[in-house]
Amino acid sequence: MDKPTLESFSVDASQPKRSVFYFTMEVALRSDMPTYSGGLGVLAGDTLKSAADLGMPMVGVTMLWRNGYFKQEIDEEGWQKEENAIWDYRNKLRKLPNYARVKIAGKSIRIEVWEYEIVGRTGYTVPVYFLDTNLPENPKSARDLNQYLYGGDEFTRLCQEVVLGIGGIRILRDIGFNNGQVYHLNEGHASLLALELIRERGYNSYDKIKKNCVFTTHTPVAAGHDEFPFELLKKVLHPIYLEHLEGIIGQGHPLNLTRLSHKLSRYVNGVSQMHGKVAREMLDDPEIGAITNGIHLPTWIHPALQELFDEEIGGWQFEPSNFVHAIKIPDEKITRAHSAAKNELLQYVNQTYKTDLKPDVLTIGFARRAATYKRADLLFRDIERLLEIGAGKLQFIYAGKAHPKDKDGKELIHRVIQGAKEVSSDIPVVYLEEYNMDIGAMLTGGCDVWLNNPRRPREASGTSGMKASSNGVLNLSILDGWWIEGYLEGKTGWAIGPNAELADMESYDDSKDADDLYEKLENQVIPTFYEDQTKWTEMMKTSIALVAPYFNTHRMLREYVEYGYRGSL
Ligand SMILES: *Cc1c(COP(=O)(O)O)cnc(C)c1O
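Presented here is a report on the structure given in the accompanying data block. Everything quoted here is computed from the prediction, not taken from an experiment.

Sheet architecture is open: 9 strands sit in the order β5-β6-β7-β2-β1-β8-β9-β12-β13, paired in mixed fashion. Strand pairing shows two members of the sheet lacking a second neighbour, β5 (94–104) and β13 (289–290), which therefore form its edges. As paired elements, strand β2 (residues 58–63) and strand β7 (residues 125–132) share 4 bridges and run parallel to each other. For G60, the partnering residue across the bridge sits in β7 and is V128. Sitting on the sheet, helix α1 (residues 39–54) touches β1 (20–23), β2, β6 (107–119), β7 and β8 (182–186), and the angle it makes with β2 is about 155°. On the sheet, helix α5 (residues 193–201) packs against β1, β8 and β9 (213–216) and is oriented at approximately 160° with respect to β8.

So, about the packing of aromatic side chains. A full pass over the atoms with the stated rule returns 22 aromatic pairs. Members of the aromatic cluster, connected to one another through ring pairs, are F21, F23, Y129, F177 and Y183. Positioned above the aromatic ring of Y99 is the side chain of R110, whose terminal nitrogen or guanidinium carbon lies 3.9 Å from the ring centre. Seen from the ring of Y373, R458 lies directly overhead, with NZ or CZ sitting 4.3 Å from the centre.

Around the ligand sit 13 residues in total, of which W300, Y435, T463, S464 and K467 are the nearest. At 3.2 Å from an oxygen atom of the ligand is found a main-chain nitrogen or oxygen belonging to T463. Side-chain polar atom of S464 to an oxygen atom of the ligand: 2.6 Å apart, as the coordinates give it. Contact with the protein chains covers 95% of the free accessible surface of the ligand, which is 390 Å². Residues of the shell around the ligand, tallied by class, amount to 4 nonpolar, 6 polar and 3 charged. When we break the shell around the ligand down by domain, the ones giving at least three residues each are domain 1 (6–294 + 555–564) and domain 2 (297–551).

Turning to the sheet that holds strand β14 (residues 362–367), a few remarks are in order. Spatially, β16-β15-β14-β17-β18-β19 is the arrangement adopted by the 6 strands of the open sheet, whose pairing is parallel. Two strands close off the open sheet at either side, each with one partner strand: β16 (429–432) and β19 (493–496). Strand after strand, the sheet turns through a mean of 20° between neighbouring axes, direction not considered. Relative to strand β17 (residues 449–452), β14 runs parallel, the two sharing 2 bridges. Note on β17: the bridge partner recorded for G365 is W450. Set on the sheet, helix α18 (residues 510–531) makes contact with β14, β15 (394–399), β17, β18 (474–478) and β19; between it and β19 the angle comes to about 165°. Contacts between helix α19 (residues 533–547) and the sheet are confined to β14, β17, β18 and β19, with β18 contributing the most and set at about 75° to the helix.

The element β15 is extensively covered by neighbouring structure, given that 6 of its 6 residues are classed as buried. Here β15 shows a buried face lined by L394, F396 and Y398 and a second buried face lined by Q395, I397 and A399. Alignment of β14 against β15, held across 6 bridges, turns out to be parallel. Each residue of the ladder has a partner; that of G365, found in β15, is I397. The parallel pair β14 and β15 is bridged by helix α13 (residues 383–390), and the resulting crossover is right-handed. Inspection of the sheet shows β15 paired to β16 by 4 bridges, in the parallel sense. Within β16, the position partnered with F396 by the bridge is V429.

Conventions we followed
Residues numbered from 1 in each chain as written. Predicted model: local features only at pLDDT ≥ 70, side-chain atom pairs only at ≥ 80, totals over all residues. Heavy atoms only, no water. Pairing = 2+ DSSP bridges. Helix = DSSP H or I, 4+ residues; strand = E, 2+ residues; numbered from the N terminus. Contact = heavy atoms within 4.5 Å. Axes fitted to C-alpha atoms, helices over the stretch in contact; angles between N-to-C directions. Phe/Tyr/Trp six-rings, centres within 6.5 Å; stacked < 30°, edge-to-face > 60°. Lys NZ or Arg CZ within 6 Å of the ring centre and 35° of its normal. Near = heavy atom within 4 Å. Polar contact = N/O pair within 3.5 Å; in protein donor to acceptor, adjacent residues only side chain to side chain. Areas by Shrake-Rupley, 256 points an atom, 1.4 Å probe, with all protein chains shown as cover. Nonpolar A, V, L, I, M, F, W, Y, C, P; charged D, E, K, R; others polar. Domains from an automatic or database assignment. Buried < 20%, exposed > 50% of the residue type's maximum accessible area, 1.4 Å probe, protein only. Right-handed = clockwise from strand over helix to strand, strands pointing away.

These results come straight from atomic positions and should not be treated as a statement about function.
Laid out in structure tokens, this is it:
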């Protein structure tokens, strides 16, 4: 490519100026740092990695989860068991000498900080600060705030949000960042930071900090938003903050973090075009924007394909739009690279789970948080029909964790494993333990088809399907989130169910969706895979060429600069 890429610019890595402070409760930077639970953390990690690649003056602020989210095991009967995911943060992160104090529930708490440095492709670095309250001098209740991501009760959660939001700002000040232009709230968890900005600046009205806050909402249903009763706020927050808060949400009202973040931000967005519509309706604000999520392509494309893309496309790590040229890659080269990724996956699964998955069988992957709305068990609604369609022609690999307190999620995993047992002599189905970034990358790189069948409109965006598409793995998915924008029937994959208007988004019918899934498998996916290899390969290339140039975090971040950070860099 003759187009200049970032490689040809030199970015001064020593430049200390930072303008955007990105706050997130979870972040997925590497598989051996279990500080994330799912898509929200993956998006945060990919965003910060793109910032480093693009030389964007950004900083990440998050929490140090000492016991991670959790480590998952699944017993013989198909029930999830949890263990602490203890990790060696002392060797992964660098302790800084900085600290801050915050008063929480009447006690003064010390917060210290660990740094992880993301080194971008040009050498530019983006620091991520992990806040730590597990210090000998803190009371036990404060030390415990750092144990588990999303692990505690309401009280613990609010205290954690004080640490992240208010503590985060104070730590930044102690490190020397005194004049941030933009505070980007990745979900509402850090919204209390706005109260600290108001206090710091001595404002008597909250609209003035509006010009500094940007809020990305990720939750498409009202019930999904954190809400704290007023009594709890009174117990946890310092009276100064409580006073400001009352000025914003009214006295005695519960605190809804989404509404608070919305009120305090100059720019608010949903994470796909459809989710933008949902958010506009939910928050009754026509100004809410939409910036469709993306992925950090170098993190999620399999090495065999990366090598091919280096040869055939070039410069894609800096300029993902170069991926339009994927359409010209010779068929046999794509097929060969995909086979390498697929063999690696099957070998891993066969060795680890003593299974006999076959490289020439159509392999379908399904991995995501085991939340009920994701309907991991939809495939098994009609076992007879599934066997009729797929015996000897299909094999499935599942993965996903249920939140430790989510009984329904655990039952969902159990049901999938029961369904798997029923079909196993004709259709092998393996449920992998411990879904994490590595397993995610292996699955989205090495399956043939990526299945996603959530209840609309619950999938605000979804990103695993983007990982699949960018690896030439075809999506078979409900039309929700990013897939509404990324699908072209029979070209980048296949849709399940209708393309609903906003008004109809919430009407779905499990059995109709299951029927449509079977119908697509029987009449489209299976015949194309086994009888029309040319079309399949063409679809793989189309999928890469149409999805990768757009559904990446480089493009996404450039949109945030244009619409959210406008004039602040
Ligand atoms: C990509 C990824 C996710 C997010 O994928 P969704 O499509 O949003 O479910 C969650 N967990 C892991 C480990 C991932 O790699």
